[in-house]
Number of protein chains: 2
Amino acid sequence: MPPDRPVILTGDRTTGPLHLGHYVGSLRNRVALQSSHRQFLLLADAQALTDNADDPARVSRNVVEVALDYLAVGIDPAVTTICVQSALPALAELTMLYLSLVTVARLERNPTIKDEIQARGFGRDIPAGFLCYPAAQAADITAFKATLVPVGEDQVPMIEQTNEIVRRLNRQAGRAVLPEAKALVPRHGRLPGVDGRAKMSKSQGNAIPLSASDAEIDAAVHRMYTDPDHLRASDPGRVEGNVVFTYLDAFDPDAVAVEALKRDYRRGGLGDVALKRRLSGLLRDLIGPIRERRAALARDRDGVIDVLRAGTGRARALTRATRDEIHAGLGLFAWA
Amino acid sequence: MPPDRPVILTGDRTTGPLHLGHYVGSLRNRVALQSSHRQFLLLADAQALTDNADDPARVSRNVVEVALDYLAVGIDPAVTTICVQSALPALAELTMLYLSLVTVARLERNPTIKDEIQARGFGRDIPAGFLCYPAAQAADITAFKATLVPVGEDQVPMIEQTNEIVRRLNRQAGRAVLPEAKALVPRHGRLPGVDGRAKMSKSQGNAIPLSASDAEIDAAVHRMYTDPDHLRASDPGRVEGNVVFTYLDAFDPDAVAVEALKRDYRRGGLGDVALKRRLSGLLRDLIGPIRERRAALARDRDGVIDVLRAGTGRARALTRATRDEIHAGLGLFAWA
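Residues numbered from 1 in each chain as written. Chains lettered and ligands numbered in written order. Predicted model: local features only at pLDDT ≥ 70, side-chain atom pairs only at ≥ 80, totals over all residues. Heavy atoms only, no water.

Peer 1: What is the right way to look at the interface of chain B and chain A in this model?
Peer 2: Frequently, the measure chosen for interface size is the accessible area removed from exposure when the parts meet. Taken residue by residue, the interface counts 53 residues in chain B and 53 residues in chain A. Summing both sides of the interface, chain B and chain A together bury roughly 4,200 Å²; the carbon and sulfur share of this comes to 66%. Along the contact surface separating chain B from chain A lie zero salt bridges. In this assembly, chain B and chain A are joined by 18 residue pairs in polar contact (both at pLDDT 80 or more). (Contact = heavy atoms within 4.5 Å. Buried area = accessible area lost by both parts, 1.4 Å probe. Salt bridge = Lys/Arg side-chain N within 4 Å of Asp/Glu carboxyl O. Polar contact = N/O pair within 3.5 Å; in protein donor to acceptor, adjacent residues only side chain to side chain.)

Below you can see the structure in the form of structure tokens.
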């Protein structure tokens, strides 16, 4: 692959297997982007530890689980480098360096951190590693010299903070050692949970895992939130906020047919059962092959570990080289 | 050397050459301890960067300057391992891990950090790396499995915070992966500056460098603060707060003679000039050989770099091994 393709860095915290929300929000984009971009997927176990320090084994175990999800949805390790964050010391080294370049006040003003602190009820008792997250993310992005970072709308301030650090470093070095990165905000927003809550999350019990059986898919679709006032098929129904339609928008390849269904539903005469049957069929067709590939890969755990070791080895060389360039740019002596 | 000797970790921030205050406060103790302990000296360039990010070249340049001071005073690299912090990635990795184990509130409550924030007038605009210093120091200490850490009285809370992290990690691992460390507070307190201010500091212009010439030593002693009311040699003089006596206490090997001088001075009849001549002679005898060894070593800069590369190589293997033990203790998979 030509080295001048745009470099993408993305990844996931390794706190549990991925689900359909991840598939819509990121995984399928990554599969599409891997042929036209130089893509790195970071299994962010070190980052996951910052707020899971009481259960490190869980974080470690899920490195392979998330890797299985990647491979099962079609990430090709021959073109996408999959690597393990905790095995890339240069990321920690750069994080420490960047922590010298940002103030505590600036970290606390980061809107993403502010929101997360509030959402998790941390107050002043946040783990220090969590407050340092923007510097760690800047280290991840810059170590791979990524120019495109797929993030949700709420994570855009993180990219801005990364670029502040990049500019500060480049100014200090007197030349552009590092490129600035652009946020790549996906067209499709977040997939809601099956209960209609904004976020699909395993811990909230409203997620459909990528390993779901047909029966589990049917059960999840069956309990999906539709329109509580739509009691009989003949009643007019509401499409807005109706989870089944949100999912059809996300998964049905036939947009024209979905628009027709919306018209019928609004007018009355289209029942939830028929709609849900359609969605169930679509999700079975999507998840079935993923589930089967995932199960086959899971039987060869050593093979998956080999894939991760190979990707991590490549990433280690690359991130070390970037660290050395940054050190040289700052006039630091090369001791190693 | 038997591996069961107590392990000492100590070192210096590389912001400038060392001076007589360092000699009294730490260097001469290190020379004495190196034969009975397993001693590691850390050239803390990464730590120095946390509040010198605008002048990284200065931090880097002074790595060799401080190493020259070590070797000139008699640190023997065959028994003491001298190593460069920024070339030990495991220290950054452990710092990041420990930042997950401490809260921001706990870091801010650390008395040493609190005092330093106030002394430097940082307020909320402290570099984040500076707030994270206790976790970084815990990483340094534990990576070498140090059990003794020579520190000033004001740094004792840092060792306490290190031991909190050690206990937390050992509890998590279910066994004593890491030893706790003890502070080794030197018998001699801090050497005051030649102007009588509590702290000798190059930036305050009240320091005697270890490379001072005889003329520079005489000039520094000449301007030493004595007793402003002691105008004539025949007047009674004060010994307390008299810098010349503080220095005689620190450097004169003949304690009985110094007590006699104090009596004479208090009674009247002993002039500042005679006293200062005695101190000048002592300091010339002490600094002269150090200065000459330092100058000779400085002419073989590559030789010094070789010493640091060898020490850093040994330290790298050791700190990586500790990181691996900690990761294993936490149940993290060994990817590297």
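Peer 1: Can you help me understand the pairing of strand 2 (residues 38-44) of chain A in this one?
Peer 2: Regular strands place their side chains on alternate faces of the sheet. All names here are of chain A. In terms of burial, strand 2 is largely enclosed, as six of its seven residues are buried. Strand direction decides the pairing type here: strand 1 (residues 7-13) and strand 2, joined by seven bridges, are parallel. For Leu-9, the partnering residue across the bridge sits in strand 2 and is Phe-40. In this fold, the crossover linking strand 1 to strand 2 by way of helix 1 (residues 20-33) has right-handed handedness. Two elements, strand 2 and strand 3 (residues 80-84), share five bridges in a ladder whose sense is parallel. The residue bridging Leu-41 from the neighbouring strand is Ile-82, located in strand 3. (Buried < 20%, exposed > 50% of the residue type's maximum accessible area, 1.4 Å probe, protein only. Helix = DSSP H or I, 4+ residues; strand = E, 2+ residues; numbered from the N terminus. Pairing = 2+ DSSP bridges. Right-handed = clockwise from strand over helix to strand, strands pointing away.)

Peer 1: Sorry, what's going on with the relation of the copies chain B and chain A here?
Peer 2: Between the two chain copies there is a screw-like relation: a rotation about an axis and a shift along it. Mapping chain B onto chain A calls for a rotation angle of 180° and an axial translation of 0.0 Å; the resulting RMSD is 0.0 Å. Both chain copies can therefore be described as sitting about a two-fold axis. Most of the interface of chain B is mirrored in chain A: 100% of its interface residues are interface residues there too. (Least-squares fit on C-alpha atoms with pLDDT ≥ 70 in both.)

Peer 1: Where do I start with helix 3 (residues 56-73) of chain B in this structure?
Peer 2: Because an α-helix packs 3.6 residues into every turn, residues spaced three or four apart end up facing the same way. Residues and elements named next belong to chain B. The end-to-end C-alpha separation of helix 3 is 26 Å, in line with the 26 Å expected for 18 residues at 1.5 Å each. Residue Asn-62 marks the point of greatest curvature in helix 3, where the axis turns by about 30°. Most of helix 3 sits out of view: 14 of its 18 residues are buried. Trailing helix 3 by a residue or two, Gly-74 shows a phi angle of about 115°, which is positive. (Expected span 1.5 Å × (residues − 1). Bend = angle between axes of the 7 residues up to and from the residue.)

Peer 1: I would appreciate a short explanation of the state of the cysteines in the present structure.
Peer 2: Counted by the stated rule, this structure contains zero disulfides over all chains. Looking at Cys-132 of chain B, it has no disulfide partner, and the nearest cysteine sulfur is the one in Cys-132 of chain A, 3.7 Å off. (Disulfide = S-S within 2.5 Å.)

Peer 1: Would you mind going over the nonpolar core with me for this structure?
Peer 2: In a soluble, globular protein the nonpolar side chains are often hidden away together inside. By size, the foremost hydrophobic cluster in this structure holds 107 residues, and its most contacted members are Tyr-98 and Phe-144 of chain A together with Tyr-98 and Phe-144 of chain B. Setting aside residues no more than four positions away along its own chain, Tyr-98 of chain B makes contact with Ala-135, Ala-138, Ala-139, Thr-142, Ile-165, Leu-169, Leu-178 and Ile-326 of chain B. The next biggest cluster of nonpolar side chains, apart from the first, holds 52 residues, and it includes Leu-43, Val-63, Leu-71 and Val-84 of chain B. (Core = buried A, V, L, I, M, F, W, Y, C linked by side-chain atoms within 4.5 Å.)

Peer 1: It is not clear to me how the pattern of salt bridges should be interpreted in this structure. Could you clarify?
Peer 2: Oppositely charged side chains are able to pair whenever their charged atoms sit close together. If you walk through the whole model with that rule in mind, you get 42 salt bridges over all chains. A salt bridge links Asp-12 of chain B to Arg-30 of chain B; the shortest N-O distance between them is 2.9 Å. In this pair, Asp-12 of chain B is assigned in strand 1 (residues 7-13) and Arg-30 of chain B in helix 1 (residues 20-33), connecting sequence segments 18 residues apart. By relative accessible area, which is 12% here, Asp-12 of chain B ends up buried. Between Glu-65 of chain B and Arg-294 of chain B there is a salt bridge whose closest N-O contact spans 2.9 Å. Of this pair, Glu-65 of chain B sits in helix 3 while Arg-294 of chain B sits in helix 13 (residues 272-298), placing them 229 residues apart in sequence. Among the charged side chains, a network of salt bridges with common partners joins Asp-214, Asp-218, Arg-284, Arg-291 and Glu-292 of chain A.

Peer 1: Even after reading the chapter, I still don't get helix 10 (residues 214-222) of chain B, so can you show me in this structure?
Peer 2: Residue and element names in this part refer to chain B. Buried within helix 10 we find Ile-217, Ala-220 and Val-221. On an axial view of helix 10, the arc spanned by its buried residues comes to 95°, and they lie on one face. In helix 10, the exposed residues that point more than 90 degrees away from the buried face are Ala-215 and His-222. On its buried side, helix 10 packs onto helix 13. (Arc of directions from axis to C-beta.)

Peer 1: Where do I start with the environment of Pro-157 of chain B in this structure?
Peer 2: Residue and element names in this part refer to chain B. With respect to the helices and strands, Pro-157 occurs in helix 9 (residues 156-173). Between the C-alpha atoms of Pro-157 and His-37, which are 120 residues apart in sequence, the distance is 23 Å. Beyond its immediate sequence surroundings of up to four residues, Pro-157 is in contact with Asn-110, Pro-111 and Thr-112.

Peer 1: Is there a simple way to explain the domain arrangement of chain A in this structure?
Peer 2: All names here are of chain A. Segmenting chain A into domains produces domain 1 (7-191 + 301-329) and domain 2 (211-295). The centre of domain 1, based on its C-alpha atoms, is set 34 Å off from the matching centre of domain 2. Taken together, the contact pairs 13 residues of domain 1 with ten residues of domain 2. Each partner contributes to the roughly 980 Å² buried at the junction of domain 1 and domain 2, and carbon and sulfur atoms together form 66% of this total. (Domains from an automatic or database assignment.)

Peer 1: Can you walk me through the side chain of Ser-201 of chain A in this structure?
Peer 2: All names here are of chain A. Position of Ser-201 among the secondary structure elements: in the loop between strand 5 (182-184) and helix 10 (214-222). Ser-201 sits in the buried class, given a relative accessible area of 13%. Those residues in contact with Ser-201 that lie beyond four places of it in its chain are His-19, Asn-206 and Ala-207.

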